[in-house]
Amino acid sequence: MSVFTLGAREREARLLPELTALTERHRRRCPPYRRILDALGSAPPYGSLADLPWLPVRLFKTHELKSIPDEEVFRVLASSGTTGQRPSLVHLDREAAAAQARMLAATLRTVLGERRLPMLIADSRSVVRDPRLSARGAGVLGMMNFGRDHTFVLDEHGVPDPGAVSAFLARHGREPYLVFGFTFMVWIYLYEVAREHRLDLSRGILVHSGGWKRLADRAVDPAEFRRRLAADTGLCRVHDFYGMVEQIGTVFLEGPDGGGLYCPDFADVVIRDPETWREAPVGTPGVIEVISTLPSSYPGHVLLTEDLGVVHGVDDGAWPGKRFSVLGRLPRAEARGCSDTFTRQDAA
Amino acid sequence: MTPDTSGTAPANRPAAAAVPGGDRVPVPGLVPDGASDGGELVPRFPSGVPLPVGALLAELEREPCDGPLTVGDERITAFLSAVGRRLLSPAVARAHPELGSLGFFLRRAEIARAVDRLRGEHLRVPRGLVFHIPPANVDTVFVYSWALSALAGNRNVVRLSRRAGGAAPAVLEALESGLSGAHPAVAQTQRIVSYERSDAVTARLSAACDLRIIWGGDRAVTDIRRHPLAPHARDLTFPDRSSLAVVSTAAWLDAPERVRQAAAEAFAADVYWFDQAACSSPRTVFWIGEAEATARARDDFAARLAATAARRWPVDAAMAVQKRVGAYGAAADGTVRALAFHGNALTLLDLADPADPPRHWLGTGTLGHARLGSLAELAGVVRRGDQTLSAFGFDRAELEGLARTLAGRGIDRIVPFGQALTFHPVWDGVDLLHECTRLVTISG
């Protein structure tokens, strides 16, 4: 059963009351969130999803925002963030933790099917063993739930292990299997190794994420990525996804034709003009706002990201709803000024 | 122990082009890669090849050509005014308009005035060796404190961040070219250096100096203070400060349109230069007046400020998001009652409690607003860390009254709109030129 079924109009009609209710729930239960809404003068009724008040995602790095009492906190997730930055903290109760896992599974089932598939991972086992688990490690570990017979493309020292990949393909290469990795890892290790050793990945289903910045340096864009994987390794089923810890469980998944990312039925995106902050028209790039019904234990249901994106079309692609791309990140705002610059910016 | 190469180092370091070997000619403003590894200093002014700290100190200890420097020494005065002229040249002014005020500051007449102010009953003499540690990212502040200290006749070592950007390279270039006609004592006694984070070098310079001037943040000050000074030496510190503005509602409403517009434009410069992150950048505006009138005055002020800012200091998307983070965060904390966005350029925060204004940076173009019944009430708001009060619509007696009420509990400068960022030789309540000298009393 797919979670990519709702056209734009139906989605709006279904999600708006749910998210309005969620906004009011968080308003009641999260005092800092209520104070923000009060300061903004934001109150229902909201006419559309784009009218819902949003929080800048970085607020989860600077403030503790949760809508549950301390004793109901079941799990606290932390984003890695860049060095020196405080991580985002996301508080889940049992219900929210279960919902995010369930909906992530439902989303991925759309492309992976019902059965747990053998899994090839474009990374090293050491990233999931490091006690100080990196974001990459956490991502790999999370995805491992969706596969079995986990095989790593890199050995413990981070060196490509073509023998392990060949052995995996010998065991599972004639049936569908899951391939997962961060986009640049897939390109630098799996693609290169597969091409060099003429490995046939044609039954694989690749799920990848992490962004294109490091591949842009190599002049590889999403289309080139798909074209060369298909031409050189036979891997044609390729799904990029976009998601963040502040909206854990919600992933925006690339459709089978590579025409863009799609929103699962419990989520949506709004691209905002960075001058007016109003919704940008189709085809006009802006800042991505992500909307999801999953964050029930913290007010992360409507978040302005620091990513740039563009909606290519609505109800015109492989799956219904908005079809969009992530274009990159907003640069980080730096101030000059005279305070504490040695500790923040400069060691010398 | 750092090897002492003073026996071989030339007393007057040659200018860049005369460096033996020639193939690695340092360019002012650029640090050769890896040049300062191993506790070595890279001379940025006068530019030169890397040298150990011991060698630098040995060079500075030598008697300058034509005798020791004196307070208001002509050799230094001539050099500073030459540099000032260069900074005021059209080419520099075009590329770095902010260097204009530094150029004015270094004019001969200004310098003479500053020296004149030192006259008194006792004899003024230099302190000796002054070690300056300016902030990494305000690119020109180092010039002011160094120039005043040089004018006081001190030998100076300025630690300039390797990453100093913005106008710093242009300043170094002006200094370097000012050197060509200068007395050799200038190059001998005035040094700007960069070095990698090295406690050994900082410790050595700290132990050797008679006065250490530290700018840039509480943590930087505390960090540097781990290195002891000689028993007779002292620190002059410029730690974290924040600044406020105050406007008389009645004066604003009574002022002609032209005056209000000019004031808003001047205030915009105070706010938006240095991304509102300088210690003197105003962060909150206090209105003194009745509620209804203040609401009108404030709307007029905000509209003019926002329009000026949008035209002259547009805020990009990344900064706009930063401002949302700052403003929403202040709301979440409960210190702000209402937020108003005038485009991306200006965010107004209606303070929940006038006595608790935001004192940390929330993003360029973010202003707290609060109303008080009288100027005297502002005294209850001010804290030790408050530095500059930008004021509109009060006469000198009123402002003096406020300063007397405060009695040193905060606010070191009261300036009209447009002058918050203008450097003054009296800074943070300290007369720099005084601090850079000693007094000799002669009785009988």
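Quick notes on the rules
Residues numbered from 1 in each chain as written. Chains lettered and ligands numbered in written order. Predicted model: local features only at pLDDT ≥ 70, side-chain atom pairs only at ≥ 80, totals over all residues. Helix = DSSP H or I, 4+ residues; strand = E, 2+ residues; numbered from the N terminus. Rg over C-alpha atoms; globule rule 2.2 N^0.38 Å. Buried ≥ 20, exposed ≤ 12 C-beta atoms within 10 Å, placed from the backbone. Contact = placed C-beta atoms within 7 Å. Nonpolar A, V, L, I, M, F, W, Y, C, P; charged D, E, K, R; others polar. Domains from an automatic or database assignment. Core = buried A, V, L, I, M, F, W, Y, C linked by C-beta atoms within 7 Å. Pairing = 2+ DSSP bridges. Axes fitted to C-alpha atoms, helices over the stretch in contact; angles between N-to-C directions. Parallel < 35°, antiparallel > 145°, perpendicular 65-115°, else oblique.

Chain B goes by Acyl-CoA reductase in an unreviewed UniProt entry, where it is assigned to Streptosporangium fragile.

As annotated in an unreviewed UniProt entry, chain A carries the name Acyl-protein synthetase and is attributed to Streptosporangium fragile.

Some words on the overall build of chain B
Within chain B, the regular secondary structure consists of 16 helices and 18 strands. A globule of 444 residues ought to have a C-alpha radius of gyration of about 22 Å, and chain B, at 24 Å, matches this closely. With respect to the three principal axes, the spread of C-alpha positions in chain B is 75 × 60 × 45 Å. Within chain B, the fraction of its 444 residues that count as buried is 50%.

Regarding the interface of chain A and chain B
Frequently, the measure chosen for interface size is the accessible area that the parts lose on association. The interface of chain A with chain B comprises 34 residues on the first partner and 46 residues on the second. Counting residues per element, the ones that place at least two in the side of chain A that touches chain B are α2 (31–40), β1 (55–56), α3 (59–62), β13 (302–314) and α11 (341–344) of chain A. With five residues, α2(A) is the largest single contributor of residues to the side of chain A that touches chain B. Across the side of chain A that touches chain B, the residue classes break down as 18 nonpolar, eight polar and eight charged.

Quick word on the domain arrangement of chain B
Residues and elements named next belong to chain B. By the assigned domains, chain B splits into domain 1 (15–240) and domain 2 (242–423). Every contact between the two is made by six residues of domain 1 and, on the other side, six residues of domain 2. Considering only residue class, the side of domain 1 that touches domain 2 consists of three nonpolar, one polar and two charged.

Here's the deal with the environment of G401(B)
All names here are of chain B. Mapped onto the fold, G401 is located in helix α15 (residues 396–406). Among the residues examined, G401 registers 15 C-beta atoms within 10 Å and is labelled partly exposed. Each C-alpha atom, one on G401 and one on A233, is 36 Å from the other, the two residues being 168 residues apart in sequence.

Digging into the nonpolar core
Core analysis: the biggest nonpolar cluster contains 143 residues, and V153(A), L178(A), V179(A), V269(A), V246(B), F286(B) and A331(B) have the highest contact counts within it. The dominant element in this core, judged by the number of residues it contributes, is helix α14 (residues 317–333) of chain B, at ten residues. Once residues within four sequence positions are removed from consideration, V246(B) is found in contact with F286(B), I288(B), L375(B), L378(B), L389(B) and A391(B).

Examining the sheet that holds strand β15 (residues 413–416) of chain B
All names here are of chain B. Spatial strand order, β11-β12-β13-β10-β9-β14-β15: seven strands in an open sheet with mixed pairing. The open sheet has two edge strands with one neighbour each: β11 (336–342) and β15. With strand direction ignored, the average angle separating the axes of adjacent strands in the sheet is 25 degrees. Alignment of β11 against strand β12 (residues 346–351), held across six bridges, turns out to be antiparallel. By the bridge assignment for β12, L339 is matched with L349.

Regarding unusual backbone geometry
Most peptide bonds take the trans configuration, and most residues that are not glycine carry a negative phi. In this structure, P45(A) follows P44(A) across a cis peptide bond, with omega equal to 0 degrees. For W277(A), which is not glycine, the phi torsion reads 65 degrees and is therefore positive. Locating W277(A) in the fold gives a position in the loop between β11 (267–272) and β12 (286–292). Accessibility expressed as a C-beta count within 10 Å gives 20 for W277(A), which makes it buried. Its identity as a non-glycine residue notwithstanding, D275(B) has a phi of 55 degrees, on the positive side. Structurally, the position occupied by D275(B) is in the loop between α12 (257–272) and β10 (282–288).

Focus on the packing of helix α2 (residues 74–87) of chain B against helix α6 (residues 141–151) of chain B
Residues and elements named next belong to chain B. Between α2 and α6, whose axes approach to 9 Å, the crossing angle comes to 150 degrees. In terms of orientation, α2 and α6 fall into the roughly antiparallel class. Side by side, α2 and α6 meet where I76, T77 and L80 of the first sit next to A147, A150 and L151 of the second. Within the contact of α2 with α6, the residues separate by chemical class into five nonpolar, one polar and no charged.

Things to note about the environment of R115(A)
Tracing the sequence through the fold places R115(A) in the loop between α4 (94–112) and β4 (117–124). Taking C-alpha positions, R115(A) is 41 Å from Y33(A), a pair spaced 82 residues apart along the chain.

Overview of the sheet that holds strand β4 (residues 129–133) of chain B
Residues and elements named next belong to chain B. The seven strands are arranged β2-β1-β6-β5-β4-β7-β8 in an open sheet whose pairing can be described as mixed. Sheet topology places β2 (51–52) and β8 (234–238) at the edges, where each strand pairs with a single neighbour. In this sheet, strand β6 (residues 190–194) lies alongside strand β1 (residues 40–45) in antiparallel orientation, the contact comprising three bridges. Each bridged residue has a counterpart across the sheet, and for V42 the counterpart in β6 is S194. Of the strands in this sheet, β1, β4, β5 (155–159) and β7 (211–215) touch helix α9 (residues 199–208), which is tilted by about 140 degrees from β4.

Focus on α9(B)
When α9(B) is considered as a whole, its buried residues turn out to be V201(B), T202(B), R204(B), L205(B), S206(B) and A208(B). Here the buried face of α9(B) lies against β1, α1 (53–61), β4, β5, β7 and α10 (218–224) of chain B.

Digging into the environment of A78(A)
All names here are of chain A. With respect to the helices and strands, A78 occurs in strand β2 (residues 75–78). Overall, the presence of 16 C-beta atoms within 10 Å leaves A78 in the partly exposed class. As for A78 and F184, which are separated by 106 residues in sequence, their C-alpha atoms are 23 Å apart. Aside from chain neighbours lying at most four places away, what touches A78 is P87, S88 and L89.

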